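The lines below spell out each chain.
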Amino acid sequence: MKRLIVIFCLFMVGGSLFSQNPGYMGRHVLLNMEVYISPSWRNPNAVSEAMIAHGMSSKAANYLGLNYFLSPNLEVIVWRKGTVGVGYNFYKSPFVLSRPSGSLLSYNYDVSEKPMMTAHGFNVFYKQYLGSTMAPMGQYLKFTFDGFFYSYKVPDAVLQDYVESRSTWDETSPVIDETPTGKSKLFAFKVEYGYDFFVLDCMKLSMGVSLGTTFGGYKAINRGRYDFSVSDYADNRLLNAYWFGVKLGLGFLTF
């Protein structure tokens, strides 16, 4: 994977040197800071937890809280209608476990006692500009491959309740050996439609809407099952936050 990222970076640098590529005002490289937000529905997240801590009801906070992904990136104009880029991903959120009956086990605990996951990762993308405009302005379609490498931590009280509820649900089922901490990874792909425009010829503003999927996380949708692990719940939390997003971005044209 590291080798692929290095090759991709060399490709971007090489593309920016093509003499037939005029860039924008003679420059080819942009530094961007982007955030993707999506409704949390009934899933806990950092925003909803902060609302609860300030006195808002759990029900209201779970519907008004927002998921978020932070994604700073480097973008290069490689031809008059397209750009490529590479960036960093960050995501952090509590998540819930459930009993085999389907009830959400960890909603019974205080905010500070819920399982928490933190993900770091990378993204690589291609943007195709539409219509009569040239990169990096106007309407675009963006195709992004994301990688997330996350760790999770489950408080002892929640883990004990979770293991006991699963092992006693079916007397013939084996005792589940779970640990309070763990690591895993998840990859994903999304397509985004958006619009870029410049302010003062050097600052780019960007807005977009994305749809995508992670390559995993569907197993824990069936909360009545008992044959999957804590990491399956974490994968599902990432999927729920990732599949739809509204992107807001700020970029600067450098050289």
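Just so you know, the residues in each chain are numbered from 1, in the order the chain's sequence is written. Per-residue local features are limited, in this predicted model, to residues with pLDDT of at least 70; the limit for side-chain atom pairs, both in listing and counting, is 80 or more; totals at the level of whole chains, interfaces and linings are taken over all residues. Side-chain measures here rest on the full set of heavy atoms in the structure, leaving out hydrogens and waters.

1. Details of the overall build of the chain
Phase 1: When helices and strands are tallied, the chain shows five helices and eight strands.
Phase 2: A helix here means a DSSP run of H or I that spans at least four residues, while a strand means a run of E at least two residues long, and both kinds are numbered starting from the N terminus. Taken from N to C terminus, the helices and strands of the chain fall in the order α-β-α-α-β-β-β-β-α-β-β-α-β.
Phase 3: Within the chain, contacts between residues separated by at least 24 positions form 73% of all contacts whose residues are at least 6 apart in sequence.
Phase 4: Here, Shrake-Rupley sampling with a 1.4 Å probe gives the accessible areas, and only protein chains in the shown set may cover a residue. Working note: accessible area of the chain is about 12500 Å², and carbon and sulfur atoms make up 66% of it. Note on contacts: a residue pair is in contact if any heavy atoms of the two residues lie within 4.5 Å.

2. Description of unusual backbone geometry
Phase 1: Residue Pro136 is bonded to the preceding Ala135 through a cis peptide linkage, with omega at 10°.
Phase 2: Along the polypeptide, Pro136 turns up in the loop between β4 (116-129) and β5 (138-153).
Phase 3: Phi at Leu200 is positive, roughly 60°, even though this residue is not glycine.
Phase 4: Here Leu200 lies in the loop between β6 (181-199) and β7 (203-214).
Phase 5: Working definition: with a 1.4 Å probe on protein chains only, accessible area under 20% of the residue-type maximum means buried, over 50% means exposed, and in between means partly exposed. Relative accessible area serves as the criterion here: at 71%, Leu200 is assigned to the exposed category.

3. Comments concerning the packing of aromatic side chains
Phase 1: Under the pairing criterion, centres of Phe, Tyr and Trp rings, with the six-membered ring standing for Trp, must be within 6.5 Å; the plane angle then separates stacked pairs below 30 degrees from edge-to-face pairs above 60, leaving the rest tilted. Applying the stated criterion across every chain yields a total of 12 aromatic pairs.
Phase 2: Pairing Phe69 with Tyr242 gives two aromatic rings, centres 6.1 Å apart and planes at 85°, and the pair type is edge-to-face. Residue Phe69 is found in strand β2 (residues 66-79), and its partner Tyr242 is found in helix α5 (residues 230-242); the two are separated by 173 residues along the sequence.
Phase 3: Given a relative accessible area of 8%, Phe69 falls into the buried group.
Phase 4: On the basis of relative accessible area, Tyr242 is assigned to the buried category, the value being 4%.
Phase 5: An aromatic cluster of at least three residues, connected via ring pairs, comprises Phe69, Tyr91, Phe148 and Tyr242.

4. Structural notes on the pattern of salt bridges
Phase 1: Salt bridge, as used here, is a side-chain nitrogen of Lys or Arg placed within 4 Å of a carboxyl oxygen of Asp or Glu. Summed over all chains, the structure comprises eight salt bridges.
Phase 2: One salt bridge in this structure joins Lys204 and Asp196, with 3.8 Å as the shortest N-O distance.
Phase 3: Salt bridges here are not isolated pairs; linked through shared partners, they connect Glu34, Lys142, Glu192 and Lys247.

5. Points about the sheet that holds strand β3 (residues 82-94)
Phase 1: In short, DSSP must find at least two bridges between two strands for them to pair. Reading around the circumference, β1-β2-β3-β4-β5-β6-β7-β8 is the order of the eight strands in this closed barrel, with antiparallel pairing throughout. Strand-to-strand twist in this sheet, taken as the mean axis angle between neighbours without regard to direction, amounts to 25°.
Phase 2: Pairing analysis gives nine bridges linking β7 to strand β8 (residues 244-253), with the strands arranged antiparallel. By the bridge assignment for β8, Ser206 is matched with Gly249.
Phase 3: Contacts from α5 reach β1 (29-39), β2, β3, β4, β5, β6, β7 and β8 within the one sheet, and its direction differs from that of β5 by about 160°. As a rule, the C-alpha atoms of each element are fitted with a line to give its axis, helices using only the stretch in contact, and angles between N-to-C directions run from 0 to 180 degrees.

6. Looking at the side chain of Ser38
Phase 1: Within the element layout of this structure, Ser38 appears in strand β1.
Phase 2: On the accessibility criterion, Ser38 (4% relative accessible area) is buried.
Phase 3: A polar atom in the side chain of Ser38 sits 3.1 Å from the backbone oxygen of Ala241.
Phase 4: The residues touching Ser38, leaving out its near neighbours within four places in the chain, are Gly65, Leu66, Asn67, Ala241, Phe244 and Gly245. For the purposes of these results, a polar contact is taken to be a pair of N or O atoms within 3.5 Å, where, inside protein, one atom must be able to donate a hydrogen and its partner to accept one; residues adjacent in sequence count only when each atom of the pair is a side-chain atom.

7. Details of a nonpolar patch on the surface
Phase 1: Here, patches come from residues exposed beyond 30% relative accessible area and free of salt bridges, joined within 9 Å for like charges and within 5 Å for nonpolar side chains (Val, Leu, Ile, Met, Phe, Trp, Tyr). A cluster of nonpolar residues, Trp41, Tyr63, Leu211 and Trp243, forms a patch on the protein surface that exposes about 480 Å² of accessible area.
Phase 2: Here Trp243 is to be found in the loop between α5 and β8.
Phase 3: A relative accessible area of 41% means that Trp243 is categorised as partly exposed.

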